[in-house]
Amino acid sequence: MRQRTRLLTITFVFLLVAAQAAPALAVAALDGQNAQAQETDAQERGVDSREEVEAFVDTAMAEDLNEHRVSGATVSVVKDGELLFAEGYGYADRRNRTPVAANRTMFRIGSVSKLFAWTAAMQQVERGRIDPNASVNRYLDDVHVPERYGEPVTVEHLATHTAGFEEQLTGVGVRSPEDVRPLGETLQEVPARVRPPGEVTSYSNYGAALAGHIAAKQAGTPFNRYAERELFAPLGMTRSTFRQPVPADVPGRLSEGYTYQNGRYVRGEFETIGIPPAGSMSATSTDMANFMIAHLQGGQFEDSRILSESATRRMHRQHFANHPALNGMGFGFYEQSKNGVRVVGHGGDTRLFHSGLWLMPERDLGVFVSYNSVGGVQAREEFYDSFMDRFFPTEERPVTGPVAPTVADGGQAEGSEASANGGAEIADPELSAFTGAFRTTRISSTDFTKVAALNGDFRVRPAESAEGVLVTSRPGQGTQRWIRTGPTVFEEVGGDGRMAFRVEDGRASYVFFDAAAPQSFERIGWWETTQMQAGLFAAALLIFASAILGWPAAALWRRFRGWRRRRRGRGGRGRSPVSADGDDRLAASDRPRAARWLAGFTALLGIGFVVGFLAVLLTDPFSILVLPPSLQALLFVPPVFALATLGVVAAAVLAWTDRYWGPVGRVHYSLVAAALVAFLWQLAYWNMLTAWL
């Protein structure tokens, strides 16, 4: 889940209450009045003029660029089928003092690129070349998605991020454009299917790239050419491309990307995406405005049409939701509704560029923003929140107390909470049903990139002094309080976040957030939590240190004691010094010495691997995507560590059978062996032992 994205919500969906519950009826009536007033008020507000948008954006950008250390940004706003506002801010190239120009400066838009892949897929659906509910294998001859769970993966699953794929980081980014392989070849490395399709959302770069590939194959052309012919050309997007690097014949100039280090901006290298439909696009904000206009005008842009009105509506409507009380998934778009206004859109992130596109179909309004610096992650979220609060303000509905679950809340109607919990009645789940540790489903199950999930888990527990309140906490971060507003629904106290659970067999199996429609969070065991994993490693590290430092220190002490005895005339010639634990029978033996050397070497190997791995990731967090030679070399260490650990375990057995050292020495050596085994289990859990294969 990366600093946690600020939760965005829509204030909609309140409880239906049973007639016999008088207090609950009063709350429901109040909620209904608030919702109706909010909806009416939203219709009376919105964007009225270019001048007010310009004033807002100018102020927001002046604050964002300075506060978040962003070099440059570009913005476009469309309304009623026209470009209302477009402007560039800051610098595209600081060395040459080149300012950002909205109609000339191209930005890397990251995963916003996926909307073009999904639009391409919908074009092929509309032309009858793709059945969205048929197996994707029907349309592939170079890629095969394995059958599992008795149900195939479909384009509909891909579009809603419910295919059930594990996360696959390797291959998403590559070192240079020369390393980009043909898309069909790259997609042959199919991520494992780890859950049934249609169960929950789990964001997948692979799934989006596969959809783009399928669409292009139906047209008999590579994806980048398909986008140029079927999307860019009819939309007049002359300064947009999926090609890497940006070809010289494309008008305009690509912005540089920046980090901010030690008080200055540092230019980054061109970021190459290995699966282009998922995120390689570069575009100006005015070109993106044309795309937004087409989607808001029923697929029409000027005299060209890319989709029919019905197909466009089909892309924007909700296709799947993890919980009926939360935002859900459209066809590629995801809902980000806020302040009573329905919003569909998509975010996009590379390391250096951070973008967002938001459409309000019922308001005929679209907004695009992109930042060319690392700080754009926070700036984008603040920009969206500020925009919605400025043009669609809403009075906050005070959360005064928990709403008691009722029989009506557990009804079987479509869209009810029961439908989100396997159709089971939800009478009154105890807060203890939600207690536990949860982690994003967007992790690898089969390769070492699973380690990216470290520190991504959080705990849920009931508040100690308040009824109907849950507390969420993440290691090293603060806590959030959530008050119950439905059987499995909670709202953030003092904020606008919304959280909901899926309960199975009386226990929460998943938790979802309104701000993260493409994401789900599953329950994990206590041994899988970051705190447990870190605690276990810390304990192992202390034991490793006791061996690495303690054994040499003990050897030096024995030598010192022997030297003192000789000086006092008490030590005999040829007599070996007494061991620190009182048993000198095997002190001079080679086997005990070799056993300790092996254990010390193995402990150093484990520590060295962790230090090296962290050094590589801290130097370049994106190295996990491109696997530089230094990281590839490090991944050979865990198998060696495993073999050495087996040797230490065997030596520990011999230490007891052959009575190496005294009891204290044997116990300590056994602890070292146990610590090595524990660390070996951790390496296996994080898929490090087979990472070199």
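Residues numbered from 1 in each chain as written. Predicted model: local features only at pLDDT ≥ 70, side-chain atom pairs only at ≥ 80, totals over all residues. Heavy atoms only, no water.

Caption draft 1: Quick look at the overall build of the chain. In terms of regular secondary structure, the chain is built from 16 helices and 25 strands. Relative to its full complement of 693 residues, the chain shows a buried share of 54%. (Helix = DSSP H or I, 4+ residues; strand = E, 2+ residues; numbered from the N terminus. Buried < 20%, exposed > 50% of the residue type's maximum accessible area, 1.4 Å probe, protein only.)

Caption draft 2: Fine view of the pairing of strand S2 (residues 82-93). By the bridge criterion, 8 bridges tie strand S1 (residues 72-79) to S2 in an arrangement that is antiparallel. In the strand pairing of S2, Val75 is matched with Glu87. Taking the residues that link successive antiparallel strands as the turn, the S1-S2 hairpin has 2 residues, and the phi of Asp80 there is positive, at about 55 degrees. Across 2 bridges, S2 lies against strand S3 (residues 98-99) in antiparallel orientation. From the neighbouring strand, Asp93 faces S3, where its bridge partner is Thr98. (Pairing = 2+ DSSP bridges.)

Caption draft 3: Layout of unusual backbone geometry. The omega torsion across Gln244 and Pro245 is -10 degrees, close enough to zero to call that bond cis. Following the sequence through the fold, Pro245 ends up in the loop between strand S6 (240-241) and strand S7 (253-254). In this structure, Asn262 takes a positive phi of about 50 degrees despite not being glycine. Turning to its location among the elements, Asn262 is positioned in the loop between strand S8 (258-261) and strand S9 (264-267). Phi is positive for Trp661, which is not a glycine, with a value near 55 degrees. Relative to the assigned elements, Trp661 resides in the loop between helix H15 (637-657) and helix H16 (663-685).

Caption draft 4: Seen up close, the packing of aromatic side chains. For the structure shown, the criterion picks out 37 aromatic pairs. Judged by centre distance (6.0 Å) and plane angle (80 degrees), the rings of Trp118 and Phe331 are edge-to-face. Placement of the pair is Trp118 in helix H3 (residues 114-126) and Phe331 in the loop between helix H9 (309-316) and strand S14 (334-335), with a sequence separation of 213 residues. For the residue pair Trp118 and Phe331, the accessibility class agrees, reading buried in each case. Between Phe458 and Phe521 the ring centres are 5.7 Å apart and the planes differ by 65 degrees, which places this aromatic pair in the edge-to-face class. Of this pair, Phe458 sits in strand S19 (residues 458-462) while Phe521 sits in strand S25 (residues 521-524), and the two are 63 residues apart along the sequence. Taken together, Phe434, Phe438, Phe458, Trp482, Phe490, Phe501, Phe513 and Phe521 form an aromatic cluster joined through their ring pairs. When the ring centre of Trp686 is taken as reference, the NZ or CZ atom of Lys450 above it lies at 5.8 Å. (Phe/Tyr/Trp six-rings, centres within 6.5 Å; stacked < 30°, edge-to-face > 60°. Lys NZ or Arg CZ within 6 Å of the ring centre and 35° of its normal.)

Caption draft 5: Region of the structure containing the sheet that holds S19. Around the barrel, 8 strands lie side by side as S18-S19-S20-S21-S22-S23-S24-S25; this closed barrel has antiparallel pairing. Between one strand axis and the next, the sheet turns by 30 degrees as a mean value, whatever way the strands run. Bridge analysis of S19 against strand S20 (residues 469-473) gives 4 bridges, and the strand direction is antiparallel. Note that in S20 the partner of Arg461 across the bridge is Val471. (Axes fitted to C-alpha atoms, helices over the stretch in contact; angles between N-to-C directions.)

Caption draft 6: Quick look at the nonpolar core. If you look at the biggest cluster of nonpolar residues, it comprises 66 residues, and the most contacted ones within it are Phe116, Leu158, Leu210, Met288 and Leu357. Excluding residues within four positions of it along the chain, Leu158 makes contact with Trp118, Val136, Val153, Ala163, Phe165, Gly207, Leu210, Ala211 and Ile214. (Core = buried A, V, L, I, M, F, W, Y, C linked by side-chain atoms within 4.5 Å. Contact = heavy atoms within 4.5 Å.)

Caption draft 7: Main features of the sheet that holds S7. Read from one edge to the other, the open sheet built from 4 strands follows the order S6-S11-S4-S7, with strand pairing classed as mixed. Here the strands that pair on one side only, and so sit at the sheet edges, are S6 and S7. In terms of strand pairing, S6 meets strand S11 (residues 282-283) through 2 bridges, oriented antiparallel. From the neighbouring strand, Ser240 faces S11, where its bridge partner is Ala283.

Caption draft 8: Representation of the environment of Tyr139. Of note, Tyr139 is situated in the loop between H3 and helix H4 (155-159). Residue Tyr139 is classed as buried on the basis of its relative accessible area of 9%. Considered as a pair, Tyr139 and Lys217 are 78 residues apart in the sequence and their alpha carbons are 7.8 Å apart. Excluding its chain neighbours within four sequence positions, the residues that come into contact with Tyr139 are Arg129, Ile130, Asp131, Ala134, Ile214, Lys217 and Gln218. At 2.7 Å, the side chain of Tyr139 and the backbone nitrogen of Asp131 are in polar contact. (Polar contact = N/O pair within 3.5 Å; in protein donor to acceptor, adjacent residues only side chain to side chain.)

Caption draft 9: Molecular detail of the packing of helix H12 (residues 590-619) against H15. Here H12 crosses H15 at 150 degrees, and the two axes come no closer than 9 Å. In this view, H12 runs roughly antiparallel relative to H15, as classed from their interaxial angle. The handedness of the crossing between H12 and H15 is left-handed. Here Ala595, Leu598, Ala599, Thr602, Leu605, Gly606 and Phe609 of H12 lie close against H15, whose contacting residues are Val637, Pro638, Val640, Phe641, Ala644, Thr645, Gly647, Val648 and Ala651. Classifying every residue of the contact of H12 with H15 gives 12 nonpolar, 4 polar and no charged. (Parallel < 35°, antiparallel > 145°, perpendicular 65-115°, else oblique. Left-handed = near helix turned anticlockwise from the far one by under 90°. Nonpolar A, V, L, I, M, F, W, Y, C, P; charged D, E, K, R; others polar.)

Caption draft 10: View of the pairing of strand S4 (residues 105-108). Of the two faces of S4, the one holding Thr105 and Phe107 and the one holding Met106 and Arg108 are both buried throughout. Where S4 lies against S7, 2 bridges are found, and the strand directions are parallel. When the bridges of S7 are listed, Thr105 appears paired with Arg253. Sheet analysis places S4 next to S11, joined by 2 bridges and oriented antiparallel. Within S11, the residue paired with Phe107 across the bridge is Ala283.

Caption draft 11: Broad picture of the pattern of salt bridges. Within the structure shown, the criterion is met by 23 salt bridges. Its salt-bridge partner being Arg181, residue Glu185 comes within 3.6 Å of it at the nearest N-O pair. Glu185 sits in the partly exposed class, given a relative accessible area of 36%. In this structure Arg181 comes out as partly exposed when scored by relative accessible area, which is 32%. Among the salt bridges present, the one from Glu309 reaches Arg313, with a minimum N-O distance of 3.8 Å. Taken together, the residues Glu309 and Arg313, both in helix H9 and 4 residues apart, mark about one turn of the helix. The exposure class of Arg313 is exposed, given its relative accessible area of 53%. (Salt bridge = Lys/Arg side-chain N within 4 Å of Asp/Glu carboxyl O.)

Caption draft 12: Region of the structure containing the packing of H12 against H16. Interhelical geometry of H12 versus H16 gives an angle of 35 degrees and a closest axis separation of 11 Å. As for how H12 packs across H16, the hand of that crossing is left-handed. Mapping the contact onto sequence places Ala595, Arg596, Ala599, Thr602, Ala603, Gly606, Phe609 and Val610 in H12 and Gly665, Tyr669, Val672, Leu676, Phe679 and Leu683 in H16. Within the contact of H12 with H16, the residues separate by chemical class into 10 nonpolar, 3 polar and 1 charged.

Caption draft 13: Examining the side chain of Ser370 more closely. For Ser370, the position within the fold is in strand S17 (residues 365-371). Apart from the residues lying within four places of it in its own chain, the contact partners of Ser370 are Gly72, Ala73, Thr74, Phe107, Arg108, His354 and Ser355.

Caption draft 14: The arrangement of a nonpolar patch on the surface in detail. Together, Trp526, Trp527 and Trp681 make up a nonpolar patch on the protein surface, roughly 380 Å² of accessible area in all. Summarising the element assignment, Trp526 is placed in the loop between S25 and helix H11 (530-568). (Patch = residues over 30% accessible without salt bridge, like charges linked within 9 Å, V, L, I, M, F, W, Y side chains within 5 Å. Areas by Shrake-Rupley, 256 points an atom, 1.4 Å probe, with all protein chains shown as cover.)

Caption draft 15: Structural context of the environment of Asp514. Along the chain, Asp514 turns up in the loop between strand S24 (507-513) and S25. The exposure class of Asp514 is buried, given its relative accessible area of 1%. It is 7.9 Å that separates the C-alpha atoms of Asp514 and Gln336, two residues lying 178 residues apart in sequence.

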